[in-house]
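Survey of secondary and tertiary structure
Chain residues, written in single-letter form:
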Amino acid sequence: MRVTRDNTIAAIVDVQERLYPHMHDAEKVLAKIQTFIRGLTVLDLPMLVTEQYPKGLGTTIEPVRTALDNRYHPIIKSAFSCCDEEDFSQRLKEHGRRTVLIAGIEAHVCVLQTTLDLLDAGYEPVVVLDATSSRNARDQEIAARRIEREGGRITSVESVLFEIARVSGTDEFKAISRLVK
């Protein structure tokens, strides 16, 4: 399965103030999430942003909100799976795209459960693994293995951005090349 521009949307899951500081390799993951968002912006792909119980876990962290710019319109959820939130499912349906790139936290809870539910609903979830994290690396590894066993796909920020761009020599390619350096 190829990730294509016209059939792809992204979900940025729960990168929130009281969760993020406890993530394994938090600073590296944040840099990847920012690069991912900026690359998707260059490619003009739609993005959905979720926040798990922001009253207790805070809102999306400022560096991610800044990268999202005018695309920051969070979907508030209480369930772990984004798909259990009607607003998320409705917005996803409205875009009419079948491939869902997923980045965020935590890999073994919200990212995993969202991926499983997207598979059940007939979508093609692709987890951007270097733009996800859990409190410990082992949980992320276990989640990645399960996602693949269940039929989901795993990729990296750089790989998927260039896959969507498809060709070199364009202004988009040059902008993405600068982002991933």
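A brief look at the structure comes next. For clarity, every value in this text was computed on a predicted model and none was experimentally measured.

1. A look at the sheet that holds strand β2 (residues 47-52)
- Strand order in this open sheet of 6 strands is β3-β2-β1-β4-β5-β6, and the pairing throughout is parallel. This sheet does not close on itself; its edge strands, each paired only once, are β3 (75-77) and β6 (153-155). In this sheet, neighbouring strand axes are inclined to one another by 25 degrees on average, regardless of whether the strands run parallel or antiparallel.
- Bridge count for strand β1 (residues 8-13) against strand β4 (residues 99-105) is 6 bridges, and the pairing is parallel. Each bridged residue has a counterpart across the sheet, and for I12 the counterpart in β4 is A103.
- Against the sheet, helix α1 (residues 26-42) engages β1, β2, β4 and β5 (124-133), with an angle of about 135 degrees to β5.

2. What to know about the environment of K28
- Here K28 is to be found in helix α1.
- A sequence separation of 149 residues divides K28 from S177, and the C-alpha atoms of the two residues are 18 Å apart.

3. Remarks on the packing of aromatic side chains
- All told, the structure shown has 1 aromatic pair when counted by the stated rule.
- Ring geometry for F162 against F173: centres 5.6 Å apart, planes inclined by 45 degrees, an arrangement best described as tilted. In this pair, F162 is assigned in helix α7 (residues 157-165) and F173 in helix α8 (residues 171-180), connecting sequence segments 11 residues apart.
- Owing to a relative accessible area of 24%, F162 belongs among the partly exposed residues under this scheme.
- The lysine or arginine in question, R98, covers the ring of Y123, its NZ or CZ lying 3.9 Å from the ring centre.

4. Quick word on α7
- Burial in α7 covers these residues: V157, V160, L161, E163, I164 and A165.
- Looking at the buried side of α7, the elements it contacts are α1, β4, β5, β6 and α8.
- The first or second residue beyond α7 is R166, which carries a positive phi of 75 degrees.

5. A word on the pairing of β2
- Across the 6 residues that make up β2, a large majority, 6, are buried.
- Residues M47, V49 and E51 of β2 are buried on one face, and the alternating residues L48, T50 and Q52, pointing to the opposite face, are buried as well.
- Pairing analysis gives 4 bridges linking β1 to β2, with the strands arranged parallel. What sits directly across from A10, in β2, is M47.
- Chirality of the crossover, the property in question, places the unit of β1, α1 and β2 among those that are right-handed.

6. As for the side chain of T114
- Residue placement: T114 occurs in helix α5 (residues 107-120).
- In contact with T114, not counting residues within four places along its chain, are F80, S81, C82, C83 and I102.

7. Let's talk about the nonpolar core
- One finds I12, F36, I37, L40, V64 and L101 to be the most contacted residues of the largest nonpolar core, which totals 34 residues.
- When residues of this core are traced back to their parent elements, those giving at least two are β1, α1, β2, α3 (62-68), β4, β5 and α7.
- A per-element tally of this core places α1 first, with 7 residues.
- With sequence-adjacent residues up to four places away left out, I37 is seen in contact with I12, M47, V64, A67 and L68.
- Of all hydrophobic cores here, the second largest spans 19 residues; its members include C82, F88, V111 and Y123.

Cut-offs applied
- Residues numbered from 1 in each chain as written.
- Predicted model: local features only at pLDDT ≥ 70, side-chain atom pairs only at ≥ 80, totals over all residues.
- Heavy atoms only, no water.
- Pairing = 2+ DSSP bridges.
- Helix = DSSP H or I, 4+ residues; strand = E, 2+ residues; numbered from the N terminus.
- Axes fitted to C-alpha atoms, helices over the stretch in contact; angles between N-to-C directions.
- Contact = heavy atoms within 4.5 Å.
- Phe/Tyr/Trp six-rings, centres within 6.5 Å; stacked < 30°, edge-to-face > 60°.
- Buried < 20%, exposed > 50% of the residue type's maximum accessible area, 1.4 Å probe, protein only.
- Lys NZ or Arg CZ within 6 Å of the ring centre and 35° of its normal.
- Right-handed = clockwise from strand over helix to strand, strands pointing away.
- Core = buried A, V, L, I, M, F, W, Y, C linked by side-chain atoms within 4.5 Å.

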